[in-house]
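# Analysis of the macromolecular model
Each chain, letter by letter, is given below.
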Amino acid sequence: MDKLNLANVRVRIAPSPTGFVHVGNLRTILYNYLFAKHYNGKFIIRIEDTDQSRLVPGAIDDLLKVLKWAGIESDEGPYLTVDNKIKERGEFSPYTQSKRSAIYNEQMRHLIDKGKAYYCFCSKERLEKLREAQTKNKLPPKYDTFCRNLTKDEVQAMLNNGAPYVIRFKMPENKRVVFNDLIRGEISVNTKNLDDYVLIKSDGFPTYHFANIIDDHLMKITHVMRGDEWIASTPKHILLYEAFGWQAPAFAHLPILLNKQKKKLSKRDGDTAVRDFIEKGYLSEAFINFIALLGWNAGTEQEVYTLNELIKQFSVDNIHKASAVFDLDKLDWINGLYIRKLSLNDFYSNCLPFLESNGLLNAKGEAVVIVETNEKVKPAYVKNILKLEQTRISKFSDIAEAIKYFFTEKIEYSADKLLWKKTSRQSTLASMKALELTLKKIKTIDFTKEKLRASIMELIEKNNLETGGALWPMRFALSGREKSPDPFEIAEALGKKKTLDRINKAILKLL
Ligand code: GLU
């Protein structure tokens, strides 16, 4: 990329608050942020809310919360204060388009004076008829420039009469627009395929196309990085820059995201809103790492990056041209890696809300209560249990299901579940009884997995028991599950009393 343009990088994200931030938005946000920070530039947020009919309440709040969660801080524009209020900062305030009408009106006057834009008084009915006729004749829908050549006096008379109007761009005729997209390369379009598109709507608000370029220019944006869906609009924008006599920023259009079936990722693929992932307990560092890799890598084998490493290594040159596949398995894999790296204390505090919301525990500081039995336990007790799953789960929303058997006395199963392969009920009963005796002899403070393993293996050897025949029923009695950590680990985490209770229950079932 041209080094000269990189001394004073200013990029923006320009979301329309028409929904909650989805994974594709977050990727655009992240790439802009990484690009800005890589070049010590500025990352700006601008709210494009000129389409008043499509506004969704709470959308801006959602955006700012997602950014805060992700650790992405803007330099200018709206931000969340520590007590979660929305404020704005930056020298080009306001950063919300609905508050910038005076600016757009002033710029529009210049454009009309230059003869580059014009009033259009065509009625809805006329435009509809025109479209119908064009569809019938298999022509692309296009405004027929009917109002282009109204005289000043004609326009004034219509305005005086209070006639509703829009303002349209006077599209240059038969001109080639060429630009060099930083990802896609050279793109060229002939204006004969472009419309005299609307700049100011009948409600007085500017269209996206108009407000977007006015603001990018006034806010000194140097690079526009956005989703591929805007690439068709870019020639219109470039012509508008030319009409004003302004230099256009550089453009980079990011390839779309696909689902695993290689179709455009959509809501139908399940959760695509970032807040759903936050709720499921994905770690923000892992999520950002995953999002960064959706269409970019440093050209090395590295797959795990901190945000700072991403900033250091990010380059537009390494953004892929091909669409990226949004692969939840990969997200889970990366999230699992980050979960393993947490200290046990951090793992515990991340798990706790999920254990509470699933009705297993209630915790107030050091006081933890098992909901079902109302028993008070120490955080250390819960941590010992959690430790067993830190190497296994891939997201926090899985934790309650994974360990709930520790916090319930209602483990239901039938006696035959305790029988390993072809082992008989009689011999299973005998080995469980022997096991019970052995466990009873181990002191409470010695109830560690090492000691348990040593004692039980000794028992197995001495009595010539089958290992599976002895350990399977023990594990099943303790967990009620076909799959779980090994019985020594579960017994240690449960403690002597609960372990013996569960073994005893199993013996009663086998009798
Ligand atoms: N308001 C547009 C959007 O919602 C911004 C597109 C752009 O970045 O120019 O995505």
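Please refer to the structure higher up on the page.
On a predicted model such as this, the values are computed, not experimentally measured, just so you know.

With that settled, consider unusual backbone geometry. Most peptide bonds adopt trans geometry, and most residues besides glycine take a negative phi value. Here the bond from Ser-93 into Pro-94 is cis, since omega is 0°, no more than 30 degrees from zero. With respect to the element layout, Pro-94 can be found in the loop between strand S4 (86–89) and helix H3 (101–113). One non-glycine residue, Thr-145, adopts positive backbone phi at about 60°. Tracing the sequence through the fold places Thr-145 in the loop between helix H4 (124–136) and helix H5 (152–160). Positive phi values are uncommon outside glycine, yet Asn-174 reaches one of about 50°. If you trace the backbone, Asn-174 turns up in the loop between strand S6 (166–169) and strand S7 (176–181). Judged by its relative accessible area of 56%, Asn-174 falls in the exposed class.

Time to look at the nonpolar core. Counting residues in each nonpolar core, the largest one holds 113 residues, and the members touching the most others are Leu-355, Phe-406 and Phe-407. Considering every element that reaches this core, the biggest residue donor is helix H1 (residues 23–38), with nine residues. The next biggest cluster of nonpolar side chains, apart from the first, holds 37 residues, and it includes Ala-117, Phe-179, Ile-214 and Leu-240.

So, on to the site of the ligand. Taken together, the residues surrounding the ligand are Arg-12, Ala-14, Ser-16, Glu-48, Tyr-208, Asn-212, Arg-226 and Trp-230. Here the ligand has 290 Å² of accessible area as a free molecule, and 84% of this is covered by the chains. When its residues are assigned to classes, the shell around the ligand shows three nonpolar, two polar and three charged.

To continue, consider the pattern of salt bridges. Considering all chains together, one arrives at 27 salt bridges under this definition. Residue Glu-76 is joined to Arg-10 by a salt bridge in which the shortest nitrogen-to-oxygen separation is 2.8 Å. Taken together, the residues Glu-76 in the loop between helix H2 (59–70) and strand S3 (77–80) and Arg-10 in strand S1 (residues 10–13) connect sequence positions 66 residues apart. The class for Glu-76 is buried, based on a relative accessible area of 5%. Put simply, Glu-409 and Arg-502 hold a salt bridge, and the shortest N to O gap is 4.0 Å. Highlighted residues: Glu-409 in the loop between helix H14 (399–403) and helix H15 (425–441) and Arg-502 in helix H19 (residues 496–510), separated in sequence by 93 residues. Accessibility expressed as a relative area gives 4% for Arg-502, which makes it buried. One salt-bridge network, in which partners are shared between bridges, spans Arg-12, Arg-46, Glu-48, Arg-100, Asp-215 and Asp-216.

Another aspect to go through is the sheet that holds strand S15 (residues 367–370). Overall, antiparallel pairing links the three strands, which are arranged S14-S15-S16 in an open sheet. The strands lining the two open edges of the sheet, one partner per strand, are strand S14 (361–364) and strand S16 (375–377). Each neighbouring strand pair of the sheet contributes to a mean axis angle of 25°, computed without reference to strand direction. Pairing between S15 and S16: three bridges, direction antiparallel. Considered in S16, the bridge of Val-368 is made with Val-377. Sitting on the sheet, helix H12 (residues 344–357) is in contact with S14 and S15, with an inclination near 130° to S14. Those strands touched by helix H13 (residues 379–390) are S14, S15 and S16, and its axis lies near 80° from that of S16.

With that settled, consider the sheet that holds strand S5 (residues 117–120). The strand order across the open sheet formed by three strands is S5-S6-S9, and the pairing between neighbours is antiparallel. Either end of the sheet is taken by a strand with one partner, and the two such strands are S5 and strand S9 (198–200). The sheet shows a mean angle of 45° between the axes of neighbouring strands, taken without regard to direction. Bridge count between S6 and S9: two bridges; the pairing is antiparallel. Each residue of the ladder has a partner; that of Arg-168, found in S9, is Val-198. Here H3 sits on the sheet and contacts S5, S6 and S9; the angle it forms with S5, its principal contact strand, is near 100°.

Another aspect to go through is the packing of aromatic side chains. All told, the structure shown has 25 aromatic pairs when counted by the stated rule. Residues Tyr-33 and Phe-43 carry aromatic rings whose centres are separated by 5.6 Å and whose planes lie at 85° to one another, so their mutual orientation is edge-to-face. In this pair, Tyr-33 sits in helix H1 while Phe-43 sits in strand S2 (residues 42–45), placing the two residues 10 residues apart along the sequence. As far as burial versus exposure is concerned, Tyr-33 and Phe-43 are alike and both buried. On the numbers, 5.3 Å between centres and 80° between planes, the contact of Tyr-413 with Phe-476 is edge-to-face. Of the two residues, Tyr-413 sits in the loop between H14 and H15 while Phe-476 sits in helix H17 (residues 467–479), which places them 63 residues apart along the sequence. Residue Tyr-413 is classed as buried on the basis of its relative accessible area, which comes to 12%. Taking relative accessible area as the criterion, Phe-476 reaches 2% and is therefore assigned buried. Taken together, the ring pairs in this structure connect Trp-69, Phe-277, Tyr-282, Phe-287, Phe-290 and Phe-326 into an aromatic cluster. Note that Arg-275 overlies the ring of Phe-20, its terminal NZ or CZ placed 3.8 Å from the centroid.

A few words on the packing of H15 against helix H16 (residues 449–462). Taken N-terminus to C-terminus, the directions of H15 and H16 make an angle of 140°; their axes are 10 Å apart at the nearest point. Here H15 is positioned oblique relative to H16, judged by the angle of their axes. You can see that H15 and H16 cross each other, and the crossing is right-handed. Touching Ala-434, Leu-435, Thr-438 and Leu-439 of H15 are Leu-452, Ser-455, Ile-456 and Leu-459, all from H16.

All right, on to the side chain of His-253 then. Considering the arrangement of structural elements, one finds His-253 in strand S11 (residues 250–254). Here the side chain of His-253 touches Asp-181 through a polar contact of 2.6 Å, side chain to side chain. Of note is the side chain of His-253, whose polar atom sits 3.1 Å from the side chain of Arg-226. If sequence neighbours within four positions are ignored, His-253 has contacts with Asp-181, Ile-183, Arg-184, Arg-226, Gly-227, Asp-228, Trp-230, Ile-231 and Thr-234.

Here helix H11 (residues 328–341) spans 20 Å end to end across 14 residues, near enough to the 20 Å set by a 1.5 Å rise per residue. Residues Leu-331, Asp-332, Ile-334, Asn-335, Gly-336, Tyr-338 and Ile-339 constitute the buried set of H11. Tucked into the core, H11 has its buried residues touching helix H8 (274–279), helix H9 (284–292), H12 and H13. Where H11 begins, the capping side chain belongs to Asp-327, and its oxygen is found 2.9 Å from the backbone nitrogen of Asp-329.

About the criteria used
- Residues numbered from 1 in each chain as written.
- Predicted model: local features only at pLDDT ≥ 70, side-chain atom pairs only at ≥ 80, totals over all residues.
- Heavy atoms only, no water.
- Helix = DSSP H or I, 4+ residues; strand = E, 2+ residues; numbered from the N terminus.
- Buried < 20%, exposed > 50% of the residue type's maximum accessible area, 1.4 Å probe, protein only.
- Core = buried A, V, L, I, M, F, W, Y, C linked by side-chain atoms within 4.5 Å.
- Near = heavy atom within 4 Å.
- Areas by Shrake-Rupley, 256 points an atom, 1.4 Å probe, with all protein chains shown as cover.
- Nonpolar A, V, L, I, M, F, W, Y, C, P; charged D, E, K, R; others polar.
- Salt bridge = Lys/Arg side-chain N within 4 Å of Asp/Glu carboxyl O.
- Pairing = 2+ DSSP bridges.
- Axes fitted to C-alpha atoms, helices over the stretch in contact; angles between N-to-C directions.
- Contact = heavy atoms within 4.5 Å.
- Phe/Tyr/Trp six-rings, centres within 6.5 Å; stacked < 30°, edge-to-face > 60°.
- Lys NZ or Arg CZ within 6 Å of the ring centre and 35° of its normal.
- Parallel < 35°, antiparallel > 145°, perpendicular 65-115°, else oblique.
- Left-handed = near helix turned anticlockwise from the far one by under 90°.
- Polar contact = N/O pair within 3.5 Å; in protein donor to acceptor, adjacent residues only side chain to side chain.
- Expected span 1.5 Å × (residues − 1).

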